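# Observations on the three-dimensional arrangement
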Amino acid sequence: MKRDTWAAAWCAAIAALALALAVSTARADEHGRHGGGARAEHFDERHGHNHYYPERGGFVRGVPGRPFIVERGGGRYFYSGGVWYAPRGPSFVVVGAPLGVFVPVLPPFYTTVWVGGFPYYYANDTYYVWHDTESGYEVVDPPAEPGVSTQAPPSDELFIYPQRGQSADQQASDKYECHRWASSQTGFDPTQSGGGVPPEQTQQKRGEYQRAMRACLEGRGYSVR
(Lines give C-alpha, C1' and ligand atoms only; values in the text may rest on other atoms or scores of the structure.)
Protein backbone atom coordinates (compact mmCIF):
# COMPACT_ATOMS: atom_id res chain seq x y z
CA MET A 1 0.00 0.00 0.00
CA LYS A 2 2.79 2.39 0.89
CA ARG A 3 4.54 1.48 -2.36
CA ASP A 4 1.42 2.39 -4.36
CA THR A 5 1.10 5.70 -2.51
CA TRP A 6 4.77 6.52 -3.16
CA ALA A 7 4.43 5.69 -6.87
CA ALA A 8 1.34 7.88 -7.22
CA ALA A 9 3.12 10.78 -5.52
CA TRP A 10 6.13 10.33 -7.79
CA CYS A 11 3.97 10.40 -10.91
CA ALA A 12 2.19 13.50 -9.69
CA ALA A 13 5.54 15.23 -9.09
CA ILE A 14 6.76 14.31 -12.58
CA ALA A 15 3.54 15.64 -14.13
CA ALA A 16 3.81 18.89 -12.18
CA LEU A 17 7.41 19.35 -13.28
CA ALA A 18 6.49 18.72 -16.95
CA LEU A 19 3.66 21.23 -16.69
CA ALA A 20 5.98 23.84 -15.17
CA LEU A 21 8.53 23.33 -17.96
CA ALA A 22 5.84 23.65 -20.62
CA VAL A 23 4.56 26.89 -19.11
CA SER A 24 8.09 28.25 -18.83
CA THR A 25 8.84 27.38 -22.46
CA ALA A 26 5.59 28.94 -23.66
CA ARG A 27 6.39 32.13 -21.77
CA ALA A 28 9.90 32.23 -23.23
CA ASP A 29 8.53 31.77 -26.74
CA GLU A 30 5.97 34.50 -26.20
CA HIS A 31 8.69 36.76 -24.80
CA GLY A 32 10.84 36.08 -27.87
CA ARG A 33 8.04 36.86 -30.29
CA HIS A 34 7.21 40.18 -28.69
CA GLY A 35 10.50 41.95 -28.32
CA GLY A 36 12.36 40.17 -25.56
CA GLY A 37 14.77 38.01 -27.53
CA ALA A 38 16.30 36.99 -30.83
CA ARG A 39 13.06 35.35 -32.06
CA ALA A 40 11.13 38.64 -32.05
CA GLU A 41 10.12 39.77 -35.51
CA HIS A 42 8.52 42.79 -37.12
CA PHE A 43 6.38 42.97 -40.25
CA ASP A 44 7.71 45.47 -42.79
CA GLU A 45 4.74 46.67 -44.84
CA ARG A 46 6.17 49.97 -46.13
CA HIS A 47 5.79 50.41 -49.89
CA GLY A 48 3.83 47.15 -49.93
CA HIS A 49 7.01 45.21 -49.09
CA ASN A 50 5.19 42.85 -46.70
CA HIS A 51 7.97 40.69 -45.25
CA TYR A 52 9.00 39.66 -41.75
CA TYR A 53 12.45 40.46 -40.37
CA PRO A 54 14.17 39.92 -36.99
CA GLU A 55 13.56 42.78 -34.59
CA ARG A 56 16.53 45.08 -34.11
CA GLY A 57 18.16 44.63 -30.74
CA GLY A 58 17.62 40.87 -30.72
CA PHE A 59 20.55 38.52 -30.22
CA VAL A 60 21.60 35.44 -32.15
CA ARG A 61 24.43 33.00 -31.47
CA GLY A 62 25.58 33.02 -35.09
CA VAL A 63 24.82 34.90 -38.30
CA PRO A 64 22.81 32.68 -40.66
CA GLY A 65 23.91 31.84 -44.18
CA ARG A 66 27.16 33.14 -45.64
CA PRO A 67 27.26 36.79 -44.57
CA PHE A 68 29.03 39.60 -46.37
CA ILE A 69 31.36 41.40 -43.92
CA VAL A 70 31.65 45.20 -43.98
CA GLU A 71 34.09 47.38 -42.05
CA ARG A 72 32.74 50.79 -41.10
CA GLY A 73 33.87 53.39 -38.56
CA GLY A 74 36.09 50.96 -36.72
CA GLY A 75 33.27 48.45 -36.43
CA ARG A 76 32.43 45.28 -38.26
CA TYR A 77 29.01 44.44 -39.69
CA PHE A 78 27.62 41.22 -41.10
CA TYR A 79 25.02 41.38 -43.89
CA SER A 80 22.88 38.32 -44.62
CA GLY A 81 19.43 37.96 -46.14
CA GLY A 82 18.72 41.67 -45.92
CA VAL A 83 19.46 41.71 -42.17
CA TRP A 84 22.44 43.45 -40.54
CA TYR A 85 24.30 42.12 -37.50
CA ALA A 86 27.11 43.39 -35.28
CA PRO A 87 29.22 41.28 -32.89
CA ARG A 88 28.45 41.62 -29.17
CA GLY A 89 30.66 39.41 -27.04
CA PRO A 90 30.13 35.78 -28.03
CA SER A 91 26.88 36.62 -29.88
CA PHE A 92 25.56 38.98 -32.56
CA VAL A 93 22.93 41.70 -32.25
CA VAL A 94 20.52 42.69 -35.03
CA VAL A 95 21.21 46.33 -35.99
CA GLY A 96 20.27 48.94 -38.56
CA ALA A 97 22.28 49.11 -41.77
CA PRO A 98 25.24 51.54 -41.59
CA LEU A 99 24.85 54.39 -44.06
CA GLY A 100 27.37 54.72 -46.86
CA VAL A 101 28.51 51.08 -47.06
CA PHE A 102 28.32 49.05 -50.26
CA VAL A 103 27.06 45.49 -50.72
CA PRO A 104 27.42 43.34 -53.84
CA VAL A 105 23.85 42.05 -53.91
CA LEU A 106 20.40 43.18 -52.83
CA PRO A 107 18.37 41.32 -50.19
CA PRO A 108 16.58 38.22 -51.55
CA PHE A 109 13.29 40.12 -51.25
CA TYR A 110 13.25 43.82 -52.10
CA THR A 111 10.85 46.43 -53.43
CA THR A 112 11.84 48.95 -56.10
CA VAL A 113 10.59 52.47 -55.41
CA TRP A 114 11.02 55.43 -57.74
CA VAL A 115 11.70 59.07 -56.93
CA GLY A 116 11.75 61.40 -59.93
CA GLY A 117 12.55 58.46 -62.19
CA PHE A 118 15.47 57.31 -60.02
CA PRO A 119 15.23 53.78 -58.55
CA TYR A 120 15.75 52.96 -54.88
CA TYR A 121 15.72 49.38 -53.64
CA TYR A 122 13.96 48.87 -50.31
CA ALA A 123 13.93 46.08 -47.73
CA ASN A 124 13.84 45.87 -43.92
CA ASP A 125 13.64 49.66 -43.31
CA THR A 126 16.73 50.16 -45.51
CA TYR A 127 17.19 51.85 -48.87
CA TYR A 128 19.89 50.94 -51.43
CA VAL A 129 20.97 52.60 -54.68
CA TRP A 130 23.19 51.18 -57.42
CA HIS A 131 26.56 52.77 -58.20
CA ASP A 132 28.33 51.79 -61.41
CA THR A 133 31.70 53.07 -60.17
CA GLU A 134 31.58 50.76 -57.14
CA SER A 135 29.76 47.89 -58.85
CA GLY A 136 27.60 47.65 -55.77
CA TYR A 137 24.58 48.92 -53.87
CA GLU A 138 25.03 51.73 -51.35
CA VAL A 139 23.01 52.05 -48.15
CA VAL A 140 21.52 55.55 -48.28
CA ASP A 141 19.18 57.84 -46.38
CA PRO A 142 15.47 57.39 -47.08
CA PRO A 143 14.22 59.53 -49.96
CA ALA A 144 11.68 62.24 -49.29
CA GLU A 145 8.28 60.53 -49.06
CA PRO A 146 6.44 62.94 -51.42
CA GLY A 147 6.87 61.64 -54.93
CA VAL A 148 7.88 58.09 -53.92
CA SER A 149 6.19 55.55 -56.17
CA THR A 150 6.39 51.82 -56.77
CA GLN A 151 5.38 52.39 -60.41
CA ALA A 152 8.26 52.53 -62.91
CA PRO A 153 8.48 55.72 -64.99
CA PRO A 154 7.90 55.70 -68.75
CA SER A 155 10.72 54.23 -70.82
CA ASP A 156 13.23 56.48 -72.58
CA GLU A 157 13.07 54.32 -75.69
CA LEU A 158 11.96 56.07 -78.89
CA PHE A 159 10.72 54.22 -81.96
CA ILE A 160 11.94 55.72 -85.22
CA TYR A 161 10.97 55.07 -88.84
CA PRO A 162 13.27 56.13 -91.70
CA GLN A 163 11.26 58.23 -94.15
CA ARG A 164 14.13 58.67 -96.60
CA GLY A 165 15.23 55.06 -96.91
CA GLN A 166 18.17 55.41 -94.50
CA SER A 167 20.19 52.21 -94.07
CA ALA A 168 20.50 50.43 -90.72
CA ASP A 169 24.04 51.77 -90.30
CA GLN A 170 22.85 55.30 -91.06
CA GLN A 171 19.99 54.95 -88.56
CA ALA A 172 22.39 53.82 -85.84
CA SER A 173 24.76 56.70 -86.60
CA ASP A 174 21.97 59.29 -86.62
CA LYS A 175 20.48 57.97 -83.40
CA TYR A 176 23.85 58.05 -81.62
CA GLU A 177 24.66 61.56 -82.83
CA CYS A 178 21.20 62.79 -81.80
CA HIS A 179 21.69 61.15 -78.40
CA ARG A 180 24.98 62.99 -77.89
CA TRP A 181 23.43 66.28 -78.96
CA ALA A 182 20.33 65.85 -76.77
CA SER A 183 22.49 64.93 -73.76
CA SER A 184 24.72 67.97 -74.25
CA GLN A 185 21.67 70.25 -74.55
CA THR A 186 19.77 68.91 -71.51
CA GLY A 187 22.45 67.42 -69.24
CA PHE A 188 20.45 64.17 -69.13
CA ASP A 189 22.04 60.89 -70.21
CA PRO A 190 19.74 57.81 -70.05
CA THR A 191 22.77 55.49 -70.24
CA GLN A 192 23.77 56.63 -66.73
CA SER A 193 22.06 55.75 -63.46
CA GLY A 194 19.28 58.28 -62.88
CA GLY A 195 20.25 60.05 -66.07
CA GLY A 196 23.28 61.57 -64.35
CA VAL A 197 21.17 64.29 -62.71
CA PRO A 198 19.86 64.79 -59.14
CA PRO A 199 16.79 62.64 -58.38
CA GLU A 200 14.52 65.66 -58.04
CA GLN A 201 15.41 66.73 -61.62
CA THR A 202 15.15 63.35 -63.32
CA GLN A 203 11.56 63.55 -64.51
CA GLN A 204 11.93 67.08 -65.93
CA LYS A 205 15.26 66.37 -67.59
CA ARG A 206 14.00 63.10 -69.08
CA GLY A 207 11.19 65.00 -70.80
CA GLU A 208 13.62 67.61 -72.11
CA TYR A 209 15.94 64.90 -73.42
CA GLN A 210 13.13 63.09 -75.25
CA ARG A 211 11.92 66.32 -76.87
CA ALA A 212 15.47 67.11 -77.99
CA MET A 213 15.91 63.59 -79.40
CA ARG A 214 12.62 63.85 -81.27
CA ALA A 215 13.52 67.23 -82.78
CA CYS A 216 16.96 66.00 -83.88
CA LEU A 217 15.69 62.77 -85.44
CA GLU A 218 12.77 64.43 -87.20
CA GLY A 219 15.22 66.99 -88.61
CA ARG A 220 17.17 64.08 -90.12
CA GLY A 221 14.17 62.57 -91.85
CA TYR A 222 12.68 60.16 -89.31
CA SER A 223 9.20 59.65 -87.99
CA VAL A 224 9.43 59.36 -84.18
CA ARG A 225 6.94 57.70 -81.80
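Residues numbered from 1 in each chain as written. Predicted model: local features only at pLDDT ≥ 70, side-chain atom pairs only at ≥ 80, totals over all residues. Heavy atoms only, no water.

### Structural notes on the sheet that holds strand β6 (residues 83-88)
- Taken together, five strands build an open sheet; the order of strands is β3-β7-β6-β5-β4 and the sheet is antiparallel. Taken across any chain shown, the strands that pair with only one partner, and hence form the sheet edges, are β3 (59-60) and β4 (68-72). (Pairing = 2+ DSSP bridges. Helix = DSSP H or I, 4+ residues; strand = E, 2+ residues; numbered from the N terminus.)

### Points about the pattern of salt bridges
- This structure, assessed with the given rule, holds four salt bridges.
- Across the pair Asp174 and Arg220 runs a salt bridge, and its minimum N-O distance is 2.9 Å. A residue pair is termed long-range when its members are at least 10 positions apart, and Asp174 in helix α2 (residues 168-186) and Arg220 in the loop between α3 (202-219) and β15 (222-224) qualify at 46 residues.
- Residue class for Arg220 comes out partly exposed when judged on its relative accessible area of 29%. (Salt bridge = Lys/Arg side-chain N within 4 Å of Asp/Glu carboxyl O. Buried < 20%, exposed > 50% of the residue type's maximum accessible area, 1.4 Å probe, protein only.)

### Regarding the nonpolar core
- Counting 14 residues, the largest nonpolar core has Trp84, Val103, Tyr128, Tyr137 and Val139 as the members making the most contacts within it.
- Elements represented by at least two residues in this core include exactly β6, β7 (91-95) and β12 (136-140).
- Beyond its immediate chain neighbours, meaning those up to four positions away, Val103 contacts Phe68, Tyr79, Trp84, Tyr128, Gly136 and Tyr137.
- Formed by twelve residues, the second largest nonpolar core is a distinct cluster that contains Phe188, Val197, Met213 and Val224. (Core = buried A, V, L, I, M, F, W, Y, C linked by side-chain atoms within 4.5 Å. Contact = heavy atoms within 4.5 Å.)

### Side note on the sheet that holds strand β10 (residues 118-123)
- An order of β8-β12-β11-β10-β9-β13 is seen for the six strands of this open sheet, with the pairing classed as antiparallel. The strands lining the two open edges of the sheet, one partner per strand, are β8 (102-103) and β13 (148-149).
- With three bridges connecting them, β10 and strand β11 (residues 126-131) associate as antiparallel partners. Residue pairing in the sheet places Tyr122 in a bridge with Tyr127 of β11.

### Here's the deal with the pairing of strand β2 (residues 51-54)
- Judged from the four bridges that link them, strand β1 (residues 41-44) and β2 form a sheet pairing that is antiparallel. Counted as the bridge partner of Phe43 is Tyr52 from β2.

### Points about the confidence of the model for the protein
- Averaged over all residues, the pLDDT of the protein is 81; the fraction at 70 or higher stands at 78%.
- Put simply, helix α1 (residues 2-36) is where the protein has its lowest mean pLDDT, 46, and β7 is where it has its highest, 97.
- Every residue in residues 17-38 is under pLDDT 50, and counting partners more than four places away or in other chains gives 15 contacts. (pLDDT = per-residue confidence, 0-100.)

### Quick word on unusual backbone geometry
- In the Ramachandran plot, Asn50 falls in the positive-phi region, its phi being about 55° despite a non-glycine side chain.
- Locating Asn50 in the fold gives a position in the loop between β1 and β2.
- Its identity is not glycine, yet Asn124 carries a phi of approximately 55°, on the positive side.
- One can find Asn124 in the loop between β10 and β11.

### Looking at α3
- With 18 residues, α3 extends 26 Å between its outermost C-alpha atoms, agreeing within 8% with the 26 Å of an ideal straight helix rising 1.5 Å per residue.
- If you check which residues of α3 are buried, you get Thr202, Arg206, Gly207, Tyr209, Ala212, Met213, Cys216 and Leu217.
- Looking at the buried side of α3, the elements it contacts are β10, β14 (160-162), α2 and β15.
- Following α3 by one or two positions, Gly221 adopts a phi angle in the positive range, close to 95°. (Expected span 1.5 Å × (residues − 1).)

### Describing the environment of Val103
- Inspection of the secondary structure assignment puts Val103 in strand β8.
- Taking the C-alpha atoms as reference points, Val103 and Glu134, 31 residues apart in sequence, are found 9.5 Å from one another.

### A few points about the environment of His131
- By the secondary structure assignment, His131 is in strand β11.
- In the structure, His131 is positioned 29 residues away from Phe102 in sequence and 8.9 Å away in space, judged by C-alpha atoms.
- Contacts of His131, omitting those with residues within four sequence positions, involve Phe102, Gly136 and Glu138.

### Describing the side chain of Ser183
- Mapping Ser183 onto the fold places it in helix α2.
- A distance of 3.1 Å separates a polar atom in the side chain of Ser183 from the backbone oxygen of Phe188. (Polar contact = N/O pair within 3.5 Å; in protein donor to acceptor, adjacent residues only side chain to side chain.)

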